[in-house]
Amino acid sequence: MPERRAVRSWQDAEHNAAAWMRYWGYRDARAEPGGADGGIDVWSARALGQVKYQAAAVGRPDLQRLFGARGRMLDRHLFFFTGSSYAAPAVAYALENDIALFVYGLDGSMEARNAPARRAVEAARRAGATSEPEPVRSPPPTTPAPAARPHAMAADPPKKRHPGTSRLLLGLFLAAVAVFLPGSESFSPQPDRLLATAALLVIPCCLLVGGAATRSSRRFWPTGLSLFLLDLPVAWAVNAQLWQGDASDLLLPTVPAVLCVATAALLTRWDARQLSRD
């Protein structure tokens, strides 16, 4: 266990975080307090850290800034340190994006607060990381400490799924339905098969384009379910077999179509409210 050193300022907090990262195996970790870090306070060849010295709970936007500051350095692990606590949306976002959350004490102690943080500590323990952290300095250094040669990684970084995978899978499924459904025996396309297929391909194409272009890891299921519910009325609208008979027969496809559209609208509104709260 590293020696605990008092944290009396935000500079102490950043140097303390860097010392713990060195103890966990990131031997070149160094704090750069006071610099234009763009959301990064501790740098390493294999990891990036953000440190908060505040009483308020850390929210999701703080973690989003750290995730965005990593840019294309996808091989670097992400660490977040605070002396307070984490809001529930922040904990969920960290779990989705593999960000290790820690809470430090004023005595310099450190506590893992989620699964990625516990994995990082356990990986360091298995690798036998025993180096003592450097003394914590109160005043910020005039020049950053020279980076040492990075050691071998304590654990292989997890392979991350492309954030647009769910969109692509749903788009491919709906595209297959759009191609084969108009040719089935239970389907009479109107006005013709070409236009019916084109109408059914609108939503799948939007999903495929969005899935290929997106970089957001935000939950997709509300949007995906809404688009699926909107695609059903489109399929019913271009099937002439459902629109035959008198007024009572027309209620059979009309009522479910209206319910699907209304449910999709309510789900989209709910998801927008949840996003604004986060």
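Residues numbered from 1 in each chain as written. Predicted model: local features only at pLDDT ≥ 70, side-chain atom pairs only at ≥ 80, totals over all residues. Heavy atoms only, no water.

### Observations concerning unusual backbone geometry
1) Next: Each neighbour pair has its own omega, and for Q190 with P191 the value is 0°, a cis peptide bond.
2) Next: Looking at the secondary structure, you find P191 in the loop between α5 (165-180) and α6 (193-213).
3) Next: Not every positive phi belongs to a glycine, and D98 is a case in point at roughly 60°.
4) Next: Along the chain, D98 falls in the loop between α3 (88-96) and β5 (99-104). (Helix = DSSP H or I, 4+ residues; strand = E, 2+ residues; numbered from the N terminus.)

### A short note on the environment of T223
1) Next: Note that T223 resides in helix α7 (residues 221-237).
2) Next: Assessed through its relative accessible area of 31%, T223 is described here as partly exposed.
3) Next: As a C-alpha pair, T223 and A264 span 41 residues in sequence and 8.5 Å in three-dimensional space. (Buried < 20%, exposed > 50% of the residue type's maximum accessible area, 1.4 Å probe, protein only.)

### Here we look at the environment of E14
1) Next: Mapped onto the secondary structure, E14 falls in helix α1 (residues 10-23).
2) Next: In sequence terms E14 and Q50 are 36 residues apart; their C-alpha atoms lie 8.2 Å from each other.

### Some details on the state of the cysteines
1) Next: All chains considered together, the criterion is met by zero disulfides.
2) Next: The cysteine C205 is free of any disulfide, with C206 supplying the nearest cysteine sulfur at 7.1 Å.
3) Next: Taking relative accessible area as the criterion, C205 reaches 40% and is therefore assigned partly exposed. (Disulfide = S-S within 2.5 Å.)

### Side note on the pattern of salt bridges
1) Next: Under the counting rule described, the total for this entry stands at five salt bridges.
2) Next: R30 is paired through a salt bridge with E32; the nearest N and O atoms lie 3.1 Å apart.
3) Next: By relative accessible area, E32 is classed as partly exposed at 25%. (Salt bridge = Lys/Arg side-chain N within 4 Å of Asp/Glu carboxyl O.)

### Here we look at the pairing of strand β3 (residues 47-52)
1) Next: Within β3, five of the six residues are buried, which leaves the element mostly enclosed by the surrounding structure.
2) Next: Bridge count between strand β2 (residues 42-43) and β3: two bridges; the pairing is antiparallel. Looking at the pairing, W43 lines up with L48 of β3.
3) Next: Counting the residues between successive antiparallel strands, the hairpin from β2 to β3 contains three residues.
4) Next: The parallel pair β3 and strand β4 (residues 77-82), bridged by helix α2 (residues 60-70), forms a crossover whose chirality is right-handed. (Pairing = 2+ DSSP bridges. Right-handed = clockwise from strand over helix to strand, strands pointing away.)

### Here we look at the nonpolar core
1) Next: Ranked by internal contacts, the top residues of the largest apolar core, which has 23 residues, are M21, W24, F79, F81 and F102.
2) Next: At the level of elements, α1, β3, β4, β5 and α4 (115-127) are the ones that each hand at least two residues to this core.
3) Next: Among the elements that take part in this core, α1 stands out by supplying six residues, more than any other.
4) Next: Ignoring sequence-local partners within four residues, the contact set of F81 consists of A17, M21, W24, Q50, V51, K52, Y86, F102, Y104 and M110.
5) Next: In terms of nonpolar packing, the next biggest core, distinct from the first, is built from 14 residues, L48, F80, I99 and L101 among them. (Core = buried A, V, L, I, M, F, W, Y, C linked by side-chain atoms within 4.5 Å. Contact = heavy atoms within 4.5 Å.)

### As for the pairing of β5
1) Next: Of all the six residues making up β5, six are buried; the element is thus mostly covered by neighbouring parts of the structure.
2) Next: Where burial is concerned, the two faces of β5 agree: the one with I99, L101 and V103 and the one with A100, F102 and Y104 are both buried.
3) Next: Sheet topology places β4 next to β5; five bridges connect them, and they run parallel. What sits directly across from L78, in β5, is I99.
4) Next: This β-α-β element, β4 to α3 to β5, shows right-handed connectivity.
5) Next: Relative to strand β6 (residues 110-112), β5 is paired through three bridges, and the arrangement is antiparallel. Each bridged residue has a counterpart across the sheet, and for Y104 the counterpart in β6 is M110.
6) Next: Between the end of β5 and the start of β6, which pair antiparallel, lie five residues, with G108 showing a positive phi angle near 90°.

### Considering the sheet that holds β3
1) Next: The sheet built from six strands is open, its strands ordered β1-β2-β3-β4-β5-β6 with mixed pairing. Two strands lie at the open edges of the sheet, namely β1 (30-31) and β6, each paired on one side alone.
2) Next: With two bridges connecting them, β1 and β2 associate as antiparallel partners. Paired with R30 across the strands is W43, a residue of β2.
3) Next: The strands that α4 touches are β4, β5 and β6; relative to β5, the one it contacts most, it runs at about 85°. (Axes fitted to C-alpha atoms, helices over the stretch in contact; angles between N-to-C directions.)

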